[in-house]
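A structural walkthrough
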Amino acid sequence: MRGVVWCLLCVPLAALAGEILDSSAILDDGVYTLTLTARIDAPPAIVQQLITDYDRLTEINSSLTESRVVMEHSPVKHRVHTVIQACILFFCRSVTQVQDITRDTDGHIEALILPALSDFRQGSARWDLDAAGNGTTMHFSATLEPSFWVPPLIGTLVIRGTVKRSAFDAAVRIEELALAAIAEKEAAIAIEANEPTD
């Protein structure tokens, strides 16, 4: 179940080792509503680049066992297939989801689950990535209605705690990958600057 709360993408969170500013989880008539605000110690453009590199999401989210683009509608809209090994407490399940994900250059990402291809009756998510100094404040919201049975003992407090722990783990990976991307870019610029001109 851990991955269920992640299943609309990996929730990318971090700030100075993973500062989660706010989170909530509500269950109403079988539909989970999740919100989360966090700070990531990397610029919004790099964060967006990392979390929209759909074929490599398994490098960020350890719950994902598979992530791949199955269709490119346009350069900013993709159909993405993921498989998540979801575990909360004693309840584990492999969960499949297919979603259409759209991004823009202003740091907004929206995802819509395709129920006929997924283990969900419905689901959507939105990420807003805002510049905050040298980092990013990320606002995440999602609604999910699983089409599989979730034990009633797994309440919103457990899910909220799982979201926070999973987000923190992913945040560390996002920051590591962001630092590597920045270092690679700086090295390429330095090499280019040192090349002799004709």
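Since the model is a prediction, treat every value here as computed from it, not as a measurement. Throughout this description, residue numbers start from 1 for each chain and increase along the sequence as written. For this predicted model, a pLDDT threshold of at least 70 governs which residues receive local features, and a threshold of 80 or more governs which side-chain atom pairs are given and counted, while totals over whole chains, interfaces and linings are taken from all residues. To get the side-chain values, take all heavy atoms of the structure and skip hydrogens and water.

**Let's talk about the overall build of the chain**
Counted only if it meets this: Helix numbering and strand numbering both begin at the N terminus, where a helix is a DSSP run of H or I of at least 4 residues and a strand a DSSP run of E of at least 2. Any residue under 20% of the maximum accessible area for its type is buried, any over 50% is exposed, and the rest in between are partly exposed; the area is computed with a 1.4 Å probe on protein chains only. The contact criterion used throughout is that any non-hydrogen atoms of two residues lie within 4.5 Å.
In terms of regular secondary structure, the chain is built from two helices and eight strands. For the chain, the N- to C-terminal ordering of α and β elements is β-β-α-β-β-β-β-β-β-α. When each of the 198 residues of the chain is scored for burial, the buried share is 47%. Here the contacts in the chain between residues at least 6 apart in sequence split such that 58% fall between residues at least 24 apart.

**Section: helix α1 (residues 44–51)**
The element α1 is extensively covered by neighbouring structure, given that six of its eight residues are classed as buried. Where α1 is concerned, the buried positions are Pro44, Ile46, Val47, Gln48, Leu50 and Ile51.

**Considerations on the packing of aromatic side chains**
The cut-off we apply is this: What counts as a ring pair is set by centres within 6.5 Å for rings of Phe, Tyr and Trp (its six-membered ring), and what kind of pair is set by the plane angle: stacked under 30 degrees, edge-to-face over 60, tilted for all other angles.
Going through the model one piece at a time under the given rule, you end up with two aromatic pairs. Look at Phe120 and Phe148: their rings are 5.9 Å apart centre to centre, the planes differ by 70°, and that puts the pair in the edge-to-face class. Placement of the pair is Phe120 in strand β7 (residues 120–132) and Phe148 in the loop between β8 (135–146) and α2 (156–194), with a sequence separation of 28 residues. With respect to burial, Phe120 and Phe148 carry one shared label: buried. For the ring pair Trp127 and Phe140, a centre distance of 5.0 Å and an interplane angle of 50° mean the geometry is tilted. Taken together, the residues span a long stretch of sequence, with Trp127 in strand β7 and Phe140 in strand β8 at a distance of 13 residues. An identical accessibility class is assigned to Trp127 and Phe140; each is buried.

**A few points about the confidence of the model for the chain**
A low pLDDT means the predicted coordinates there should not be read in detail. Which entries qualify depends on this criterion: Scored from 0 to 100, pLDDT reflects the predictor's confidence in each residue.
Residues at a pLDDT of 70 or more form 84% of the chain, whose mean pLDDT is 82. Within the chain, the lowest mean pLDDT, 79, falls on α2, and the highest, 96, falls on strand β6 (residues 108–113). Counting interchain partners and residues more than four positions distant, the pLDDT-below-50 stretch residues 1–17 has 102 contacts.

**Some details on the pattern of salt bridges**
Our working rule: We define a salt bridge as a side-chain nitrogen of Lys or Arg found within 4 Å of a carboxyl oxygen belonging to Asp or Glu.
Considering all chains together, one arrives at eight salt bridges under this definition. Of the charged contacts, one joins Glu59 and Arg56 as a salt bridge, the two residues approaching to 2.8 Å between their closest N and O atoms. Arg56 sits in the partly exposed class, given a relative accessible area of 42%. Residues Glu66 and Arg68 are paired through a salt bridge, measuring 2.7 Å at the closest nitrogen-oxygen approach. For Arg68, a relative accessible area of 37% gives the class partly exposed. Each of the salt bridges in this network shares a partner with another, and the network as a whole consists of Asp53, Arg56 and Glu59.

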